[in-house]
Amino acid sequence: MHTRNTFLGLLGSALLVSGLATGSALADTKIRAFAGGSGQRPDLMRKLFDQYQAKNPGVTIEMETGGATSELQRQYLGTVLNAKDPSIDVFMIDIVNPAQYAGAGWIEPLNSYMGDTATAMKPFLPAYASANVIDGKIVAMPAFADAMFMYYRRDLLEKHKIAEPKTWDELAAAATKIQKAEGDANLQGLSIQGAPIEGAVCTFLLPYWSQGHEFNDAAGKLTLDKAAAAKGLNQWLAMVDQGVVKKNVAEVKTPDTVNEFKAGQVVFAVNWGFAWDRFKDDADSKVVGKVGVMPLPAVAGGKSATCIGGWQWALSAFSKSKPEAAKLIKFLSSPEASKFLAVQGSLLPTSLGVYQDADVVKAVPWFKDAAPVVAAGRSRPQSKDYGQVSDIIRTTTSAVLARTKKPDEGVAEIDSRLRRVMR
Amino acid sequence: MALINRLRDPSDKTLAVMMLAPAFLLLALIVVYPIGRLIWNSFFDLRLSGGGEAKFVGLDNYALVLQDPDFWNATKNTVLITLITVPGALVVGLGLAMLANLPFKRQWPVRLALLLPWALPLAFCGLIFAWFFHSEYGVVNDVMRRAGQTEPRMWLLEPTWAFAAICITIVWKTSSFMALILLAGLQMIPKSLYEAAEVDGASKLQQFWQITIPMLMPSIIVALIFRTITALQTFDIPYTMTKGGPGNSTETLAMLIHKTTIDYLDVGYGSTLAVFMFVLSLCVTGVYLKRIGNNA
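Reading the values: the criteria
Residues numbered from 1 in each chain as written. Chains lettered and ligands numbered in written order. Predicted model: local features only at pLDDT ≥ 70, side-chain atom pairs only at ≥ 80, totals over all residues. Heavy atoms only, no water. Helix = DSSP H or I, 4+ residues; strand = E, 2+ residues; numbered from the N terminus. Buried < 20%, exposed > 50% of the residue type's maximum accessible area, 1.4 Å probe, protein only. Contact = heavy atoms within 4.5 Å. Areas by Shrake-Rupley, 256 points an atom, 1.4 Å probe, with all protein chains shown as cover. Lys, Arg positive; Asp, Glu negative; His and termini not counted. Charge placed at Lys NZ, Arg CZ, Asp CG, Glu CD. Buried area = accessible area lost by both parts, 1.4 Å probe. Salt bridge = Lys/Arg side-chain N within 4 Å of Asp/Glu carboxyl O. Polar contact = N/O pair within 3.5 Å; in protein donor to acceptor, adjacent residues only side chain to side chain. Nonpolar A, V, L, I, M, F, W, Y, C, P; charged D, E, K, R; others polar. Patch = residues over 30% accessible without salt bridge, like charges linked within 9 Å, V, L, I, M, F, W, Y side chains within 5 Å. Phe/Tyr/Trp six-rings, centres within 6.5 Å; stacked < 30°, edge-to-face > 60°. Pairing = 2+ DSSP bridges. Axes fitted to C-alpha atoms, helices over the stretch in contact; angles between N-to-C directions. Parallel < 35°, antiparallel > 145°, perpendicular 65-115°, else oblique. Left-handed = near helix turned anticlockwise from the far one by under 90°. Core = buried A, V, L, I, M, F, W, Y, C linked by side-chain atoms within 4.5 Å. pLDDT = per-residue confidence, 0-100.

**Some thoughts on the overall build of chain A**
Thinking step 1. For chain A, the helix and strand inventory stands at 20 helices and 11 strands.
Thinking step 2. The principal-axis extent of the C-alpha atoms belonging to chain A is close to 105 × 50 × 35 Å.
Thinking step 3. Burial statistics for chain A: of 423 residues in total, 57% are counted as buried.
Thinking step 4. In chain A, once contacts between residues fewer than 6 apart in sequence are set aside, the share between residues at least 24 apart is 73%.
Thinking step 5. Here chain A has roughly 17200 Å² of accessible surface; of this, 56% comes from carbon and sulfur atoms.
Thinking step 6. Distance between charge centroids for chain A: 1 Å, based on 48 positive and 43 negative side chains.

Here's what the structure looks like:
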């Protein structure tokens, strides 16, 4: 009898323990999030995850980082997702990637968690709202924005009584005037990126877009106007001939522009949002307090256009905790999270409301200049084969800027190669 | 049962099979399977970016490769790099080896200097030389400017000069490997041969052509085989120096395969390109092996 009771007692305890264990397993959800490389500020993302965990007991967020560039991150995630690996639930992707990931079936559409597309995307700037919606479905939610800005030497423009140029021709004239007056052989008029890197895709698109032409239609099909594209490239070459842009522009990468502007060797510089902090905060910056930001100029008779960047949160199609992961994404793309990133890390918000927030304006006053630039920004072509699209544009643009191909030839090459990819 | 008995008391033939099996298994796993898988993949439209299942396309990828101007351009560049840098590295390496073979009192500094370029990672060499050849900040243009050249040369932005810069870098990097092999060969040549030649009144040049080169031939062939195969796989140095540019004027076959497979995520077509490179390497190695056979 004693033995029987002991046995029943043990059985009861075992059932109780296993019940508790099952209960705690149900309550405890682990989510693994891939938060990019240093450029995507995993340090700040970890703080956001901690905030979420504090508000949602039972949810643990593990973070994974990796890949210094958008390309490397795409390669890594491509391998993981192609293997249908469920270990990553949530991941951060570049603005150029939603179409590719959705096309490959790696992303879980978010409508069932975020609501109907129009309402869910309403708070966001148009470019982010459209880049994350593929075939009417929300495939990712904006994390933070980025865009190409025209930085300029406010002190030099004021000294020579020159207004902010509105067209590229005006910019060339202003730069030439300042270069001559300053008499410094090392002073460049304008720095743009011509090396075969992602920035060269924007170098190709900026003057093209500003002529009012579209690169692709809503279905992603190529709509390249070859004459306008050649005109854009010719404009850069004309600036090289005028001495405004350096002769070796095809060697210039994003950090080169940042370093040369920081060293006081550039009047105008096209670069991403992150550069502002470098000009303002770096110990070796010689332009502290001398920098202005303005929208990019347009070709004569055109309208200013800029290339947007930025990062999105996507839900893996292979996640085993989709509802919980989607809830996390909702938080990460909320105005609250966006405000945190803006104040703590000067990361550009994706919704206009956050730009006008009093705390944000106080912490990063230049965002008021940035808001209209980002709002007018355009997304690079959305394609499931973006890696190929980008490679074709940047390689050919760089070759044209190196003068190994004529603009007409380069554009014809881009057109014929992309017609096969973007159809 | 019969099998167990055979294993318990194996005949010589069974024993031989049992002894060789692990080696064959290992070979199959680490050599045959990857190559077989590569060839298998080359018959599929296998895109990691496209979603859906891989589609069997037979020889379509092979037909596409033959019509692909990028493939022919990359093959031409690869063959040119091989034809320029392999003899280049041989000549420079032979010079270095003969220098290191001189009766220095202290041998180690010379040998260390010989080893250094070989010890540096390829990509790192590419980055260093990209910096050297930079049109604005590079040491090469600085030297030329001091020598009186007024207009800086855009080394890496002009196809011919970019190609030349890459070849110079590859020769710099690889000649020390050549030199090490040739130095070992040089040290095996008996001194008595040179002493006898001296007695016979042969000049230094005659000694070089009549003794050094023939005696060194086995080492030269070994060095050439290794260098040629690695030259056909050239990737790191042009990738870090020019990314294949300007345009795709310095793109090699290995870079095209990398771009197709990793950047474009087109594994099927990338595998087909890799099969072509494999065949090219096989043909060249075959020529060398035949030559060795003839020599033997």
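More follows now that the structure is in view.
**As for the interface of chain B and chain A**
Thinking step 1. The interface is formed by 25 residues belonging to chain B together with 25 residues belonging to chain A.
Thinking step 2. Interface area, chain B with chain A, both sides summed: about 2100 Å², of which 49% is carbon and sulfur.
Thinking step 3. Scanning the region where chain B abuts chain A turns up four salt bridges.
Thinking step 4. Between D391 of chain A and K259 of chain B there is a salt bridge, and its shortest N-O distance comes to 3.3 Å.
Thinking step 5. The interface formed by chain B and chain A includes 10 residue pairs in polar contact (both at pLDDT 80 or more).
Thinking step 6. Per element, the largest residue contribution to the side of chain B that touches chain A is three residues, and it comes from helix α12 (residues 253-263) of chain B.
Thinking step 7. The residue inventory of the side of chain B that touches chain A, partitioned by class, reads 11 nonpolar, eight polar and six charged.

**A short note on the pattern of salt bridges**
Residue and element names in this part refer to chain A.
Thinking step 1. As enumerated under the stated definition, the model contains 32 salt bridges over all chains in all.
Thinking step 2. Note that R41 is salt-bridged to D43, the shortest N-O span being 3.1 Å.
Thinking step 3. Under the relative-accessibility criterion, D43 is labelled partly exposed at 42%.
Thinking step 4. A salt bridge links D284 to K262; the shortest N-O distance between them is 3.2 Å. One end of the pair, D284, is in the loop between α13 (275-281) and β9 (291-294); the other, K262, is in helix α12 (residues 254-262), and 22 residues separate them in sequence.
Thinking step 5. Members of the salt-bridge network, linked through shared partners, are K262, R278, D282 and D284.

**With respect to a nonpolar patch on the surface**
Thinking step 1. A cluster of nonpolar side chains, namely L20, F24, L25, L26, L27, L29, I30, V31 and V32 of chain B, defines an oily patch on the protein surface of about 910 Å² accessible area.
Thinking step 2. Here V32 of chain B shows up in helix α2 (residues 12-41).

**Observations concerning the packing of aromatic side chains**
Thinking step 1. Following the criterion strictly, the structure yields 34 aromatic pairs over all chains and no others.
Thinking step 2. The interplanar angle of 25° and the centroid separation of 5.0 Å between the aromatic rings of W276 of chain A and W366 of chain A together place this pair among those described as stacked. Placement of the pair is W276 of chain A in helix α13 and W366 of chain A in the loop between α17 (358-363) and α18 (367-375), with a sequence separation of 90 residues.
Thinking step 3. Here Y62 of chain B and F276 of chain B contribute two aromatic rings whose centre-to-centre distance is 5.8 Å and whose plane-to-plane angle is 45°, an arrangement assigned as tilted.

**Some remarks on the pairing of strand β6 (residues 141-153) of chain A**
Across a regular strand the side chains alternate sides, sitting on one face of the sheet and then on the other.
Residues and elements named next belong to chain A.
Thinking step 1. Where burial is concerned, most of β6 is hidden: 13 out of the 13 residues are buried.
Thinking step 2. As judged from the five bridges shared by β6 and strand β8 (residues 266-272), these two strands associate in the antiparallel manner. The partner of M148 across the bridge, within β8, is W272.
Thinking step 3. Direction of pairing for β6 relative to β9: antiparallel, over a ladder of four bridges. Bridge pairing links R153 to V291 in β9.

**What about the packing of helix α5 (residues 108-119) of chain B against helix α8 (residues 159-187) of chain B?**
Residues and elements named next belong to chain B.
Thinking step 1. Direction vectors running N to C along α5 and α8 enclose 135°, while the axes themselves pass 7 Å from each other. By the angle class used here, α5 and α8 are oblique. For the pair α5 and α8, the sense of crossing is left-handed. Across from R111, L114, L115, P117, W118 and A119 in α5, the residues of α8 making contact are W172, K173, S176, F177, A179, L180, L183 and Q187.
Thinking step 2. Across the contact of α5 with α8, the residue classes tally to 10 nonpolar, two polar and two charged.

**Some details on the pairing of β8 of chain A**
Residues and elements named next belong to chain A.
Thinking step 1. Burial of β8 is extensive: seven of the seven residues sit out of reach of the surface.
Thinking step 2. As judged from the three bridges shared by strand β7 (residues 188-191) and β8, these two strands associate in the parallel manner. Following the sheet pairing, L190 is matched in β8 by F268.

**Points about the nonpolar core**
Residues and elements named next belong to chain A.
Thinking step 1. Counting 94 residues, the largest nonpolar core has F149, W168, L190, F204, F215 and F268 as its most contacted members.
Thinking step 2. Here this core takes eight residues from helix α11 (residues 226-241), the largest share from any one element.
Thinking step 3. F215 has contacts with F204, L205, Y208, W209, K221, L222, T223, L224, P381, I393, L418 and M422, leaving out every residue within four places of it along the chain.
Thinking step 4. By size, the runner-up hydrophobic cluster in this structure holds 35 residues, among which are A33, A35, V59 and M121.

**Some details on unusual backbone geometry**
For residues other than glycine, phi is negative in most cases, and the peptide bonds are mostly trans.
Thinking step 1. The residue after G245 of chain B, namely P246 of chain B, is reached through a cis peptide bond having omega 0°.
Thinking step 2. Within the secondary structure, P246 of chain B sits in the loop between α11 (236-241) and α12.
Thinking step 3. One non-glycine residue, D135 of chain A, lies in positive phi territory at about 50°.
Thinking step 4. Positionally, D135 of chain A belongs in the loop between β4 (133-134) and β5 (137-138).
Thinking step 5. By relative accessible area, which is 76% here, D135 of chain A ends up exposed.
Thinking step 6. One non-glycine residue, K243 of chain B, lies in the positive phi region at around 55°.

**Regarding the environment of T254 of chain A**
All names here are of chain A.
Thinking step 1. Within the fold, T254 resides in helix α12.
Thinking step 2. Sequence-wise, T254 and W272 are 18 residues apart; in three dimensions their C-alpha atoms are separated by 8.4 Å.
Thinking step 3. Setting aside residues up to four positions removed in sequence, T254 forms contacts with Q193, I197, N271, W272 and F274.

**Here we look at the confidence of the model for chain B**
Thinking step 1. For chain B, per-residue confidence averages 91 on the pLDDT scale, and 97% of positions sit at 70 or higher.
Thinking step 2. Interface predicted TM-score (ipTM) for the complex: 0.82; the corresponding pTM is 0.84.

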